[in-house]
Amino acid sequence: MMWGNLTIVSEFVLVSFSTLSSELQAVLFLLFLTIYLITLMGNILIILVTTADSALQSPMYFFLRNLSFLEIGFNLVIVPKMLGTLIIQDTTISFLGCATQMYFFFFFGAAECCLLATMAYDRYVAICDPLRYPIIMGRRSCAQLAAASWFSGFPVATVQTTWIFSFPFCGPNRVNHFFCDSPPVIALVCADTSLFELEALTATVLFILFPFLLILGSYVRILSTIFRMPSAEGKRKAFSTCSSHLLVVSLFYSTAILTYFRPRSNTSPENKKLLSLSYTVVTPMLNPIIYSLRNNEVKAALRRVVRRTLGPQKL
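Predicted, not measured: the structure shown is a model, and the values here were computed from it. (Residues numbered from 1 in each chain as written. Predicted model: local features only at pLDDT ≥ 70, side-chain atom pairs only at ≥ 80, totals over all residues. Heavy atoms only, no water.)

Enquirer: Account for the nonpolar core, naming residues and giving values.
Expert: Core analysis: the biggest nonpolar cluster contains 85 residues, and Phe12, Phe32, Leu116, Phe165, Phe169 and Val185 have the highest contact counts within it. Sorting elements by how many residues they give to this core places helix 3 (residues 95-128) first, with 18 residues. When neighbours within four sequence positions are excluded, Val185 is seen to be in contact with Cys98, Met102, Ile164, Phe165, Phe169, Val175 and Cys180. One finds Cys114, Val156, Ala203 and Phe207 within the second-largest nonpolar core, a separate group that totals five residues. (Core = buried A, V, L, I, M, F, W, Y, C linked by side-chain atoms within 4.5 Å. Buried < 20%, exposed > 50% of the residue type's maximum accessible area, 1.4 Å probe, protein only. Helix = DSSP H or I, 4+ residues; strand = E, 2+ residues; numbered from the N terminus. Contact = heavy atoms within 4.5 Å.)

What follows is the structure in structure tokens.
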């Protein structure tokens, strides 16, 4: 529709990987489909094992279960549409569909940042104050911390998405990304967005940088406590309980910070797509692998679940 010189945009076109050849897009489809299925199966397995096994009822595994739910949601928001753009060239997305995708991307992203900080706090209390750990991290406290992490996604998602889609879009509708992220969408706005960009930077600091600093501070204290432990076995056991989480945090935050804290002029759209693939597609797949391969308790629980499933058969 045209109102004077104003074009009302009713849909967007995701550029995605359309510049690549059809053969390469087919290869990427198979690769991302495989990663997607591994992500879903791996995180569902983590949820089932940590729910069913009585040995995995500690706060650490309660938060891990919540992380797996978040990773599944994060993947469902991004990957199915991306697969559609690759295999059937379904690159259009409605105005409402784009807003919905962006809303849940912000929601799951902010919630994951806060949950990772909560998991770091759990490891900090377990290693630095073990005698008070059962009291501080009781069932009620864990439920409140998890609920607060999930709830943190609502304000940032609501404010960011509502503000972006209240701007006028005056014609160009090609989003140079494989999903509706805020920077490529806001680039299509035909109005002054400086106030929004200031708010977006503030939200990024609060929901990415601040939790990261809390995690960093927790691990400084954790490592300091571990190095003061008298026995090598105690050091090894303490470090093994937090090494998986530290690796997950490093993978998630390194790419997220590179994506949202680098000046626009220093990062090409193609490089941003690669960085976004890291934390939206690859990291959710690696999380259950990291926690299952590097955690002896999870591996033992998996073996027990398999034994119960197979009955008396020998593994």
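Enquirer: Hey, could you go over the side chain of Thr280 for me, with residue numbers and the actual values?
Expert: By secondary structure assignment, the location of Thr280 is in helix 10 (residues 269-293). Residue classification places Thr280 among the buried residues on the basis of a relative accessible area of 0%. Reaching out from Thr280, the side chain makes a polar contact with the backbone oxygen of Ser276 at a distance of 2.5 Å. (Polar contact = N/O pair within 3.5 Å; in protein donor to acceptor, adjacent residues only side chain to side chain.)

Enquirer: Help me get a handle on the state of the cysteines, residues and values and all.
Expert: For the structure shown, the criterion picks out two disulfides. The disulfide partner of Cys98 is Cys180, and the gap between their sulfur atoms is 2.1 Å. Of note, the bridge from Cys98 to Cys180 carries an S-S torsion of about -120 degrees and is left-handed in sense. In this pair, Cys98 sits in helix 3 while Cys180 sits in the loop between strand 5 (174-175) and helix 7 (182-186), placing the two residues 82 residues apart along the sequence. The connectivity of the disulfides in the protein chain is 1-3, 2-4, where the numbers refer to bonded cysteines in sequence order. Cysteine Cys142 is unpaired, with the sulfur of Cys114 as its nearest cysteine sulfur at 16 Å. (Disulfide = S-S within 2.5 Å.)

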